[in-house]
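# Structural features, examined
The primary structure of each chain is shown beneath.
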Amino acid sequence: MAKPVSIEVWNPSGKYRVVSTKPMPGTRWINLLIQNDCRLEICTEKKTILSVEDIIALIGDKCDGVIGQLTEDWGEELFSALSKAGGKAFSNMAVGYNNVNVDAANKYGVAVGNTPGVLTETTAELAASLSLAAARRIVEADEFMRGGLYDGWLPHLFVGNLLKGQTVGVIGAGRIGSAYARMMVEGFKMNLIYFDLYQATRLEKFVTAYAAFLKASGETPVAWKRASTMDEVLQEADVISLHPVLDKTTYHLVNKERLAKMKKEAILINCSRGPVIDEAALVEHLKQNPMFRVGLDVFEEEPYMKPGLAELKNAIVVPHIASASKWTREGMATLAALNVLGKIKGYPVWFDANRVEPFLNENARPPSACPSIVNAKALGLPSSKL
Ligand SMILES: NC(=O)C1=CN([C@@H]2O[C@H](COP(=O)(O)OP(=O)(O)OC[C@H]3O[C@@H](n4cnc5c(N)ncnc54)[C@H](O)[C@@H]3O)[C@@H](O)[C@H]2O)C=CC1
Ligand SMILES: O=C(O)C(=O)CO
């Protein structure tokens, strides 16, 4: 696409030109921008992943801010183009921003927004769904039914794992990892082992209190442990879910050697980023260990899967849909738009990116702040005292 042909324009006479590289769910984000004197241009090109050239064409000669997607490569070229067009604001419609070169953004003085918090529970719910689906072999059983193979109940038919009393392992116990851990511990009475660079104090308090509740009710209490190494989690847990950010320290965090340390019948879930797992090594491991199961929402080279993965019955694969609930996706769009709008208006940055609820209340005007700017410190942006 040398020049984008299909663009939807809102509020053509608006003072500030804001570009969204994709249509996004809901209308609140559109209304917030146009009520604040923005001319909004939404790229409606029928092409899933826009190239750097496509986005440069969209930015054009004058652009105050861009709302972009995690599929786009926001590096030197795009931040340079945005800066030349007078833009000082970019927001990913995602909490993860491994597609963004923040150093390049800093160089051009462009604020980089992301959308934390609004997708925490939705993403954790998908990780929990994949855990259950893998443990109880739901996808295989569904295919079996639809294939007309069911000819009556049998004692051995699709026998899976009981989660109750087993151990759930979480790697990266931040917002999403902690929410997932709470769901699995409270929902299925699993014990918890986690590994993170930081202590997950609130999560530990929650599991301690829940264990006390179970004990007082005459039930076996759940237990928790903060592992001092990731390998401890891999060796001890029955279900392991990956929730770290993707950076240099987490690239291929789960590789051939680490897979070999896991239990033969373990379940591995990935709703973080594909490259956290060495996917080729995973395919080999799945082939060698038919009782080992995985639930994957993300892939090393999206939208592709490594050869062999699609044929494996012990793998459940879904197309990066962990944050795909209506409320969450509309909220992500709102946060992304408010990041860009806030920077254009010169608003300060919200004091706590973990508490973005005031921006999501549809019945109230959002605070005059940017909800979450990841390079606020580097750019010396003021913080909101609200
Ligand atoms: N599949 C999907 O649709 C979605 C994927 N994500 C991914 O999930 C990631 C996590 O999101 P949040 O929980 O909101 O972020 P967060 O920042 O609250 O949590 C990330 C955690 O990873 C930990 N961490 C960093 N390096 C680590 C390492 N080497 N080993 C162990 N832990 C490490 C951090 O200390 C932090 O606690 C995002 O960065 C994004 O890539 C997020 C939402 C939806
Ligand atoms: O927010 C993210 O990081 C995603 O992967 C999409 O929800």
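The coordinates are above.
Structural notes, computed from the coordinates. Values in this document were obtained by computation on a predicted structure and should not be read as measured data.

## Some words on the site of ligand 2
Every residue lining ligand 2 is accounted for by L70, A94, V95, G96, L119, R273, H320, S323 and M332. Between ligand 2 and V95 there is a distance of 2.8 Å, counted from an oxygen atom to a backbone nitrogen or oxygen. Contacts to ligand 2 include R273, whose side-chain N or O atom sits 2.7 Å from an oxygen atom. Its free accessible area being 230 Å², ligand 2 has 89% of it covered by the protein chains. Here the residues of the shell around ligand 2 are counted per class, giving five nonpolar, three polar and one charged.

## Considerations on the site of ligand 1
In the vicinity of ligand 1 there are 26 residues, among which R175, I176, D196, C271 and D297 approach most closely. A distance of 3.3 Å separates a nitrogen atom of ligand 1 from a polar atom in the side chain of T249. Residue H320 places a side-chain N or O atom 3.3 Å away from an oxygen atom belonging to ligand 1. Starting from 860 Å² of accessible surface for ligand 1 in isolation, the protein chains cover 88%. By residue class, the composition of the shell around ligand 1 is twelve nonpolar, ten polar and four charged.

## Details of the nonpolar core
By size, the foremost hydrophobic cluster in this structure holds 64 residues, and its most contacted members are W29, L33, I67, Y180 and L192. Apart from residues lying up to four places away in sequence, L192 is in contact with V168, V170, A181, V185, L203, V207, A223, W224 and K225. I193, A266, F292 and L296 belong to the second-largest nonpolar core, a separate cluster that totals 30 residues.

Reading guide: rules and limits
- Residues numbered from 1 in each chain as written.
- Chains lettered and ligands numbered in written order.
- Predicted model: local features only at pLDDT ≥ 70, side-chain atom pairs only at ≥ 80, totals over all residues.
- Heavy atoms only, no water.
- Near = heavy atom within 4 Å.
- Polar contact = N/O pair within 3.5 Å; in protein donor to acceptor, adjacent residues only side chain to side chain.
- Areas by Shrake-Rupley, 256 points an atom, 1.4 Å probe, with all protein chains shown as cover.
- Nonpolar A, V, L, I, M, F, W, Y, C, P; charged D, E, K, R; others polar.
- Core = buried A, V, L, I, M, F, W, Y, C linked by side-chain atoms within 4.5 Å.
- Buried < 20%, exposed > 50% of the residue type's maximum accessible area, 1.4 Å probe, protein only.
- Contact = heavy atoms within 4.5 Å.

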